[in-house]
Amino acid sequence: MSFEKRTCEISGLEIEKNSESMIKLNMATAIIFFAIGGAAGLLVLLTRWPAIHLLPVEWYYRWLTAHGLLALLVWIIFFEVALVHFGSVTLLKSRLAVPILSKITYGLMLGGTLLVVVMVLGGQADVLFTSYVPLQAHPLYYLGIILFAVGSLIAFIHFFINAVVAKKEGEYKRTLPMVSFGIMAASIIGIMSIAHGAAIYIPTFLWSLGIIETIDPSAYRLVWWGLGHTSQQINVCMMVACWYGIAAFLFKAKPASEKLCRSAFVLYILFINVASEHHLLVDPVFSTWHKIVNTSYVMHLAVLASMIHAFAVPASIEMGLRKQGYNNGLFEWLKKAPWGNPAFSATFISIVLFGFLGGTTGVIFGTEQFSIIRHNTWAITGHFHGTVVAGTTIAFMGMAYFLIPVFFKRDLIMPGVAKLQPFVYGTGITILSITMMAAGTFGVPRRHWDYNFSDAPFGYQFDSTVDIFMGLVGIGGLIAVVGGAMFVFVTLGSIFKGNKRA
Amino acid sequence: MAIHEPQGNWWQPLSKDEKIWFILALVWMLVSFLYMPIQHFIGVQNPPSESYRVSAEDFEALIEAQEEKYTVGEENGFPVVRPNPDEPVYLKASMWEWTPVLELEKDKTYKIHLSSVDLVHGFSIQPINLNLMVIPGIDYVVNLKPTSSGDFRILCNEFCGLGHHTMVGKINVI
Amino acid sequence: MSDEHNGFHAPGTFVLAIIFLVTFILLWLGHAKWLTDIWEMY
Ligand code: HEM
Ligand SMILES: [Cu+2]
Ligand SMILES: [Cu+2]
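Read on for an overview of the structure. Note that the coordinates shown come from a computational prediction; the quantities given were computed from them, not determined experimentally.

## Topic: the interface of chain B and chain A
Thinking step 1. Of the residues lining the interface, 67 residues belong to chain B; the matching set on chain A comes to 88 residues.
Thinking step 2. If you sort the residues of chain B by the area they bury against chain A, Ile3(B), Phe159(B) and His165(B) come out on top, with a joint share of 11%.
Thinking step 3. Run the count over chain B and chain A and you get 2 salt bridges.
Thinking step 4. If you look at where chain B meets chain A, you find 21 residue pairs in polar contact (both at pLDDT 80 or more).
Thinking step 5. Elements with a contribution of two residues or more to the side of chain B that touches chain A: α1 (16-42), β1 (50-53), β9 (130-134), β10 (138-145), β11 (150-156) and β12 (168-173) of chain B.

## Things to note about the interface of chain C and chain B
Thinking step 1. Taken residue by residue, the interface counts 21 residues in chain C and 31 residues in chain B.
Thinking step 2. Carbon and sulfur atoms make up 71% of the surface buried where chain C meets chain B, a total of about 2600 Å² over both sides.
Thinking step 3. Its largest share of buried area at the contact with chain B, chain C owes to Trp39(C), Glu40(C) and Met41(C), together 39% of the area lost on that side.
Thinking step 4. Connecting chain C to chain B are 1 salt bridge.
Thinking step 5. Notably, a salt bridge pairs Glu40(C) with Lys145(B), separated by 3.5 Å at the nearest N-O pair.
Thinking step 6. On inspection of chain C and its partner chain B, the count reaches 9 residue pairs in polar contact (both at pLDDT 80 or more).
Thinking step 7. For the side of chain C that touches chain B, the elements supplying multiple residues, two or more each, are α1 (11-35) and β1 (40-41) of chain C.

## Some remarks on the nonpolar core
Thinking step 1. Judged by nonpolar contacts, the single largest core of 244 residues is most densely connected at Tyr141(A), Tyr244(A), Met307(A), Trp98(B), Phe123(B) and Leu130(B).
Thinking step 2. If you tally residues by element for this core, the top one is helix α2 (residues 57-90) of chain A, at 20 residues.
Thinking step 3. In this structure, Met307(A) is in contact with Trp21(B), Ala25(B), Trp28(B), Met29(B), Phe20(C), Leu21(C) and Phe24(C), ignoring residues within four places of it in sequence.

## Some details on the coordination of the copper ion (ligand 2)
Residues and elements named next belong to chain B.
Thinking step 1. At the metal site, the copper ion (ligand 2) is ligated by His-121 (ND1), Cys-156 (SG), Cys-160 (SG) and Met-167 (SD), and these contacts range over 1.9 to 2.5 Å.
Thinking step 2. Given 4 donor atoms and angles of 95 to 130° at the metal, the environment of the copper ion (ligand 2) is assigned as tetrahedral.
Thinking step 3. Mapped onto the polypeptide sequence, the residues donating to the copper ion (ligand 2) form the spacing pattern H-x34-C-x3-C-x6-M.
Thinking step 4. If you look at the copper ion (ligand 2) and the copper ion (ligand 3), they sit 2.6 Å from each other and are both ligated by Cys-156. Taken together, the positions of His-121 in strand β8 (residues 121-126) and Cys-156 in strand β11 put the pair 35 residues apart, joining distant regions of the chain.

## Here's the deal with the coordination of the copper ion (ligand 3)
Residues and elements named next belong to chain B.
Thinking step 1. For the copper ion (ligand 3), the full set of protein donor atoms is Cys-156 (SG), Glu-158 (O), Cys-160 (SG) and His-164 (ND1), and the range of their distances to it is 1.9 to 2.3 Å.
Thinking step 2. Around the copper ion (ligand 3) sit 4 donor atoms; with metal-centred angles ranging over 91 to 122°, the donor geometry is tetrahedral.
Thinking step 3. All donors of the copper ion (ligand 3) come from a single chain, and their spacing in sequence reads C-x1-E-x1-C-x3-H.

## Describing the pattern of salt bridges
Thinking step 1. Under the defined criterion, the tally for this structure stands at 22 salt bridges over all chains.
Thinking step 2. For Glu169(A), the salt bridge goes to Arg95(A), with nearest N and O atoms at 2.7 Å. Of this pair, Glu169(A) sits in the loop between α4 (139-168) and α5 (178-208) while Arg95(A) sits in the loop between α2 and α3 (99-121); the two residues are 74 residues apart in sequence, bridging distant segments of the chain.
Thinking step 3. Residue classification places Glu169(A) among the partly exposed positions, given a relative accessible area of 23%.
Thinking step 4. Here Glu60(B) makes a salt bridge to Lys92(B), at a shortest N to O gap of 2.9 Å. Within this pair, whereas Glu60(B) is found in helix α2 (residues 56-70), its partner Lys92(B) is found in strand β4 (residues 89-94), the two being separated by 32 residues in sequence.
Thinking step 5. With a relative accessible area of 12%, Lys92(B) lands in the buried category.
Thinking step 6. Several salt bridges converge on common partners, so that one network encompasses Glu9(A), Asp411(A) and Arg501(A).

## Some remarks on the packing of aromatic side chains
All names here are of chain A.
Thinking step 1. A complete count under the given rule lists 51 aromatic pairs over all chains for this structure.
Thinking step 2. The interplanar angle of 80° and the centroid separation of 5.0 Å between the aromatic rings of Tyr-460 and Phe-462 together place this pair among those described as edge-to-face. Judged on exposure class, the residue Tyr-460 and its partner Phe-462 are both buried.
Thinking step 3. Every member of this aromatic cluster is reached through a ring pair, and the members are Phe-34, Trp-75, Phe-79, Phe-396, Tyr-401, Tyr-425 and Phe-487.
Thinking step 4. The side chain of Arg-62 reaches across the aromatic face of Trp-59, ending 4.9 Å from its centre.

## Some thoughts on the site of ligand 1
All names here are of chain A.
Thinking step 1. Taken together, 24 residues sit near ligand 1, with Arg-48, Tyr-60, His-67, His-385 and Arg-447 positioned nearest.
Thinking step 2. Here an oxygen atom of ligand 1 sits 2.5 Å away from a polar atom, N or O, in the main chain of Arg-447.
Thinking step 3. Mapped by element, the contributors of at least two residues to the shell around ligand 1 are α1 (17-48), α2, α11 (378-408), α12 (415-441) and α13 (465-497).
Thinking step 4. A per-element tally of the shell around ligand 1 places α11 first, with 7 residues.
Thinking step 5. Within the shell around ligand 1, the residues separate by chemical class into 16 nonpolar, 5 polar and 3 charged.
Thinking step 6. When residues of the shell around ligand 1 are assigned to domains, at least three fall in each of domain 1 (1-174) and domain 2 (374-502).

Criteria and cut-off values
- Residues numbered from 1 in each chain as written.
- Chains lettered and ligands numbered in written order.
- Predicted model: local features only at pLDDT ≥ 70, side-chain atom pairs only at ≥ 80, totals over all residues.
- Heavy atoms only, no water.
- Contact = heavy atoms within 4.5 Å.
- Buried area = accessible area lost by both parts, 1.4 Å probe.
- Salt bridge = Lys/Arg side-chain N within 4 Å of Asp/Glu carboxyl O.
- Polar contact = N/O pair within 3.5 Å; in protein donor to acceptor, adjacent residues only side chain to side chain.
- Helix = DSSP H or I, 4+ residues; strand = E, 2+ residues; numbered from the N terminus.
- Core = buried A, V, L, I, M, F, W, Y, C linked by side-chain atoms within 4.5 Å.
- Buried < 20%, exposed > 50% of the residue type's maximum accessible area, 1.4 Å probe, protein only.
- Donors = N, O, S within 2.8 Å, 3.2 Å for Na, K, Ca; no water.
- Tetrahedral: all angles 85-135°; square planar, octahedral: opposite > 155°, others 65-115°.
- Phe/Tyr/Trp six-rings, centres within 6.5 Å; stacked < 30°, edge-to-face > 60°.
- Lys NZ or Arg CZ within 6 Å of the ring centre and 35° of its normal.
- Near = heavy atom within 4 Å.
- Nonpolar A, V, L, I, M, F, W, Y, C, P; charged D, E, K, R; others polar.
- Domains from an automatic or database assignment.

Here it is, written out as structure tokens:
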């Protein structure tokens, strides 16, 4: 087939016109919402910092709702829609099969986002992003979420349409390249997760309109986490695909075993869905065996998959760098790696932090008995800032540094700032995550406005070491905010003001 | 390369280091999985799994009956209840209170029935940091044996509206 | 290359992975210990 495309001189990629504009649009939108979500994070952070305690109570919960939604949902999924296009069109040297679908996706997701933000900041949805019934928000809040979800569902389905068209037109013969394979796994998980989303948000929407009488709170939690957790596995899959991608672009790295890595993606698809029940380990209603089999047995096979990737990606980088001649001793390759290239440093930081901060704690807190001593404490918040921030977000940052010159045909501005950025953000999130977990170990609750309990009938004072951790969370968070702002300035600045390439 | 379709036969045996890593990871995953069922047989700290449906009205009635029978005093406007270890104990979560204040004996096992009459709440005993969910309409039966004595607090650690941060209850263990 | 590293393709990564596994196990054991500090419950 012939269609309009150009060859990128940095990467050698062939870039088709329709997908190019959608990738640019989704990436830029993602970064703008990352900025707003980060600002919301700052407000929440400054409220939880006892020395500052910035916001009044209702605004704390509103900005917390906004932070959870904008960062976890909006930034991440807009970026993933860009990756879906990248994996199913650019990497397959193919074309966007149905351009109108991409536009519908974008319109629904943006419309949904705006509706949700207006409802939340307008005080019509003080329910946090989990909206556990019988807490109730304005019907338009649920509608906004549904629009957003339908938009992203169309994007995930579009992956398969593109891939089938590419195969028909002979762009690949037997199987997808590994990166596309990972994005395909993410798209399958995406479709599963949005099926749960429909099963829970549509009844809840009808309930908020008064059409359905009640929603069982326990059933709500079960199905909601079928969405909430499964969608985190989209993020893990996409993150791993980015790791493989950056390793390949920068080092021509080849996974030592395509067999093992692809099988690991299949483990994700098969086992992640039931793992969502590790959110319900200290809930009533579900039986012990149900909890153990669902969350754990099967989750641990999905964890095995992560351990495979966490070895395979750095191993492929090591092999690539050894081929370039850095073959002395155990670690010459690591010392001589291109640490000044933010696409590389972000990727490597993401791999290390995801493993050490997010991965280990995820398995531990997801152990049935250990959940008793961690559930709903700040340790959980520390854990997922290790996965979805230190892991996924930093991996996407690395990918953004690579993709912006390729797709916008502009050089990165402020290369010195870009070079430092992954280290600043990584350091901040590491401090934030570890100290949140430390505070949670002493019982500090998540989603809580007043850690001094001054208006409560019975006062309570945490162990005095906790004060130190609360302050360190604030300091780590501020460093992360600086790192986040550096990312936003460099990327948006490059998109709009970077030196144009031919 | 991971951005191109693999060529030739890519279903190849693993390299030595990958194979060792795979086995180590698999073994560790199996060990940490098996810990969970085994801990149910040999451990003494496990999530309770007995629960029933209960309506808010019925649960309120149980709480009142318990107060009539076992109240021994009052603290900050809350009845202090000293239940009999051989009988069921009721603890109610509501916006934004834990009722009643319980007075328990150290090293005695109590069957505590936990429920909420409005929203979802989080039951969090401090400073020992023991956490469970409380769901409206569900009676969660918790067999609890305090193994240390003193004053304990029950925090709410699931968001339950704007008074969430004031929802603190009390347990005295003597 | 394989001769130099006893058949290992990525010996450096392997060492990092072992450090990771040891950290993981120690953290896990810490939690197993902390669990026993709370009240008895079933
Ligand atoms: C500048 C970086 C960031 C800072 C300083 C920050 C800080 C915080 C703080 C202080 C909380 C509140 C915890 C509480 O009060 O219970 C929080 C919650 C949360 N954050 Fe972040 N965060 C950052 C980036 C992110 C990113 C990039 C994501 C997602 C990709 C994210 C996802 C979440 C989620 C899902 C919650 C939970 C909200 C809830 O409990 O309802 N954060 N964050
Ligand atoms: Cu509450
Ligand atoms: Cu609460």
